[in-house]
Amino acid sequence: MLWLLLFVVTAIHAELCQPDAENAFKVRLSIKTALGDNAYAWDSNEEYLFKAMVAFSMRKVPNREATEISHVLLCNVTQRVSFWFVVTDPLKNHTLPAVEVQSAIRMNRNRINNAFSLNDRTLEFLKIPSTLASPMDPSAPIWIIVFGVVFCIIAAAITVLVLSGIRQHRREDNELPEVDGTEEKCENVITSESSIPCHRLHMNGGGINGVFVTKDEWLTPL
Amino acid sequence: MALVPGLAPHVDDHGDERPRWDSKSQYLLSCIGFAVGLGNIWRFPYLCQAYGGGAFLVPYFIALVFEGIPLFHIELAIGQRLRKGSIGVWTAISPYLGGVGLGCFLVSSLVCLYYNTVLTWVLWFLLNSFQQPLPWSSCPPDLDRTGFVEECEGSSSVSYFWYRQTLNITADISNSGTVQWRLLVCLAACWAVVYLCVSRGIESTGKAIYFTALFPYLVLTVFLIRGLTLPGAAEGLAHLFTPNVQILQNPRVWLDAATQIFFSLSLAFGGHVAFASYNPPRNDCRKDAVVIALANSMTSLYASVTIFSIMGFKATKDYGRCLDRNVLGLINEFDFPEQSISRDDYPAVLAHLNATQPERVARLPLKDCHLEHFLDKSASGPGLAFIIFTEAVLHMPGAPGWAVLFFGMLFSLGLSSMFGNMEGIITPLLDLGTVPRWVPKEALTGLICLLCFLAAICFTLQSGNYWLEIFDSFVVSLNLMVLAFFEVVGVIYVYGMKRFCDDIMWMTGSRPGLYWQVAWRVVSPLLLLAIFVAYIVLLAQKPLSYRAWDPQHDQFPLRPEKLYPGWVQAACVLLSLLPALCIPVAALAQLFAQRRWRRKEVPSQDTHLKPQDGGAC
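Residue positions are counted from 1 within each chain, in the order its sequence is given. Written order determines the labels here, with chains lettered from A and ligands numbered from 1. Side-chain atom pairs in this predicted model are given and counted only at pLDDT of 80 or more, local residue features only at pLDDT of at least 70, and totals for whole chains, interfaces and linings cover all residues. With hydrogens and water stripped out, all remaining heavy atoms of the structure feed into the side-chain values.

Draft legend 1. Structural view of the overall build of chain B. A run of DSSP states H or I qualifies as a helix once it reaches four residues; a run of E qualifies as a strand once it reaches two. Both are numbered from the N-terminal end. For chain B, the helix and strand inventory stands at 24 helices and two strands. Here the globule rule is a power law, 2.2 Å times the number of residues to the power 0.38, and the radius of gyration is based on C-alpha atoms. Taking 2.2 N^0.38 as the reference for a compact globule, 617 residues should give roughly 25 Å; the C-alpha atoms of chain B span a radius of gyration of 27 Å, in line with that estimate. On the principal axes, the C-alpha backbone points of chain B span a range of 105 × 50 × 45 Å. A 1.4 Å probe and the Shrake-Rupley method give the accessible areas. Residues count as covered only by the protein chains that appear here. Total accessible area computed for chain B in this model is approximately 24400 Å², and 64% of it derives from carbon and sulfur atoms. A distance of 10 Å separates the average location of the 42 positive side-chain charges in chain B from that of its 44 negative side-chain charges. His residues and chain termini do not enter the charge count, which takes Lys and Arg as positive and Asp and Glu as negative. Each charge is placed at NZ for Lys, CZ for Arg, CG for Asp and CD for Glu.

What follows is the structure in structure tokens.
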């Protein structure tokens, strides 16, 4: 009698949890990818922990506080490691709606991931999208800070340059009336072959050199 | 004495002593910095790889020897001899050729506008590189945080960062959108940096050039060493340099090699003329021309080795990821144990599964992975720097540091080219005497920078990238060829080969040999004419179109090709013709001015000089 009961229970379980069954979810773990050499083997104890985590998540849903570990059924465990699971009601004759299970898992996704030392990518609940972490938004975008520093340096440099230029011009303007004999000084500087005369025409004394042929005349009109 | 008495041009109209370079190395570095620009990094490697690798070097060096170096020598010689900027030089050679100088001046101005916008983008990326993880490494999540933003999912995080978060590009050029404030502040910063360096002319650029010209070489070397140690570098270099001699039969290769040399050396911009005009009059400009041109080409080669070792690394990584994705797909579908199929086993396993369970395999989104396919995915222009290279940098350990170095290098390269462009604008204006004497040079350069900044704001619009491509394609291509053609012809046939040879003899101490004379008289003008005609033919063959970034397009992320609207096409034509049209317009203006002058001066005709004839050298 007991064997018959066990057989019936297993049969019902088998019906409730099947690949692509109603309200069933497929889970895929990539333990070696996540942990490398520290990867643990997936055995029945890990399955027990998984059932416990799912039950824990369901217990946080209002009206489902009575969910037990035995209500979570796993099936089709492959070497990948992947399997399907369903959550049944206390009477074990039907499965809980997928929407409830989905929202429960989403709310506690972080706890479930941490229990297995995995993350959203290595512990996948197919058909349950994970909530992505919001992007790190520092108080001010970093580029603005760097830009501010750079621009301040540039502005300071330009100010220094312009001020020194003004001071230099003022100094030259003050020196101008004192210099008289520069023309003689310049004549000594003419190089032998180049007839580029070094003449500093002063602003107040400058004039056009009359011997200098104007542009229009030195080329005959074509 | 070779100098004709009264050869006025070597006396400055200003009367002030012309500024001089502090040392020869400053001059050389300035010219090299001007010639070596962003094109050496992102245009030459692409051409090399697209046109049969090592085989491309053949037309490239032929073009360098017969077109690049002779033209470059002419520019440096006339600048050094006549000691003026572009407008002054050409007006001095012949008043009817003043339009050539004006054309060069216009081209420099237009290029300044959009070139600094590219630097703005580089600066933006540079500022964003100071964080870990880099902002282009992952897609931002969408509103309910269950997935990523759709546009990013469909393309890639790098493309999304470039097209959306940087440019915020519209889907069509006629939709201008709004000014992007982020790019606007970066543009202001860029122009401030340019002003800082150019404010006192060569006095200030001469100091800045030591850093901006040498820093890129340092970074290239660092990247080369890093690149060569990365896995996959050898495949990238093999792909780049494997010669495919068949491709030399395609005339397109020769055309692209000739135009690449041309633009790479920054000929006919007026910048080299301006730089040379600050030289002492007795300076070996022939040796300078050869040294600078060779330095430019060697830099291109050096950069391609660096770029392609990193591209090889990226392609290998992408290929590995493609395989891994396929392997994972198989493992997940058939529930094999994790990591049970290695990349090498994959083909055998796939074949076996295809034989046993074909329908399940057919449902999987398995891609065809070929390393050559990834190696071929190189690009030229901004696409290389802002999409492909930024993605490659993500895979390198210590990514933010490499990104900072890379964009810092691009910024220096662009900045040193901007110096040349700005000198091509400032020197003619100063020489023309358009500014009264009491206005300091800093004020003039400040005004020019401010005007350029205001004009360049249109490139920070959402459709700015499309406009920049238009400027890039149309302003430089035809105009420079026309201007260079008139440069050669003007100097050799109008100024006179004999007089020019005499001037060079006086400046350098030796006459130009047979190679130079043949190149100047025959080869260069013919080559320029041939390229010009070929270019026009190719341009006429296909309608003017552009590739738009349209997230609504059904084949997104492929970029649909759209035709330019009528008014944009008119703008393209205007940009292509305006600088070149300066030549006939200025010649006509001079003709009318002469006629009017002669009619006024009819009684006193004996003041004319005897005509000079441009005899053979």
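Draft legend 2. Focus on the sheet that holds strand β2 (residues 72–75) of chain A. All names here are of chain A. The four strands lie next to each other as β2-β3-β1-β4, forming an open sheet whose pairing is antiparallel. Each having just a single partner strand, β2 and β4 (123–125) make up the two edges of the open sheet. Going from strand to strand, the sheet's axes swing by 25 degrees on average, the running direction of each strand aside. Across four bridges, strand β1 (residues 25–29) lies against strand β3 (residues 82–87) in antiparallel orientation. For Val27, the partnering residue across the bridge sits in β3 and is Phe83. Of the strands in this sheet, β1, β2, β3 and β4 touch helix α3 (residues 44–59), which is tilted by about 140 degrees from β2. In this description, strands pair whenever DSSP reports at least two bridges between them. All axes are obtained by fitting lines to C-alpha atoms, using only the stretch in contact for helices, and the reported angles, taken between N-to-C directions, cover 0 to 180 degrees. Only heavy atoms matter for contacts: two residues are in contact if any of them lie within 4.5 Å across the pair.

Draft legend 3. A look at a nonpolar patch on the surface. All names here are of chain B. Each patch is built from residues that are more than 30% exposed by relative accessible area and take part in no salt bridge. Like charges join if they lie within 9 Å; nonpolar side chains (Val, Leu, Ile, Met, Phe, Trp, Tyr) join within 5 Å. Put simply, a salt bridge is a Lys or Arg side-chain nitrogen that is within 4 Å of an Asp or Glu carboxyl oxygen. Taken together, the side chains of Val58, Ile62, Val65, Phe66, Trp254 and Tyr515 present a nonpolar region at the surface, about 470 Å² in accessible area. If one sorts the elements of the nonpolar patch by residue count, helix α4 (residues 57–82) sits on top with four residues. Relative to the assigned elements, Val65 resides in helix α4.

Draft legend 4. Here's a closer look at the packing of aromatic side chains. All names here are of chain B. Working definition: rings of Phe, Tyr and Trp (its six-membered ring) pair if their centres are within 6.5 Å, and the pair is stacked with planes under 30 degrees apart, edge-to-face with planes over 60 apart, and tilted otherwise. Counting across every chain of the model gives 56 aromatic pairs over all chains. Geometrically, a charge over a ring is one whose NZ (Lys) or CZ (Arg) sits within 6 Å of the ring centre while staying within 35 degrees of the ring normal. Sitting above the plane of the Trp506 ring, Arg282 keeps its charged end 4.8 Å from the centroid. Here the guanidinium or amino end of Arg499 rests over the ring plane of Tyr495, the centre of that ring lying 4.5 Å away.

Draft legend 5. Structural context of the nonpolar core. Ranked by internal contacts, the top residues of the largest apolar core, which has 190 residues, are Trp191, Phe407, Leu410, Met422 and Phe500 of chain B. Broken down by element, the residue count for this core peaks at 19 residues, all from helix α6 (residues 98–127) of chain B. Apart from the residues lying within four places of it in its own chain, the contact partners of Met422 of chain B are Cys112, Trp191, Val194, Val198, Ile448 and Cys449 of chain B. We call a set of buried Ala, Val, Leu, Ile, Met, Phe, Trp, Tyr and Cys residues a nonpolar core when their side-chain atoms join them within 4.5 Å. Classification of residues uses two cut-offs on accessible area relative to the type maximum, computed with a 1.4 Å probe and protein chains only: under 20% is buried, over 50% is exposed, and between them is partly exposed. Formed by 27 residues, the second largest nonpolar core is a distinct cluster that contains Trp42, Met53, Leu74 and Leu118 of chain A.

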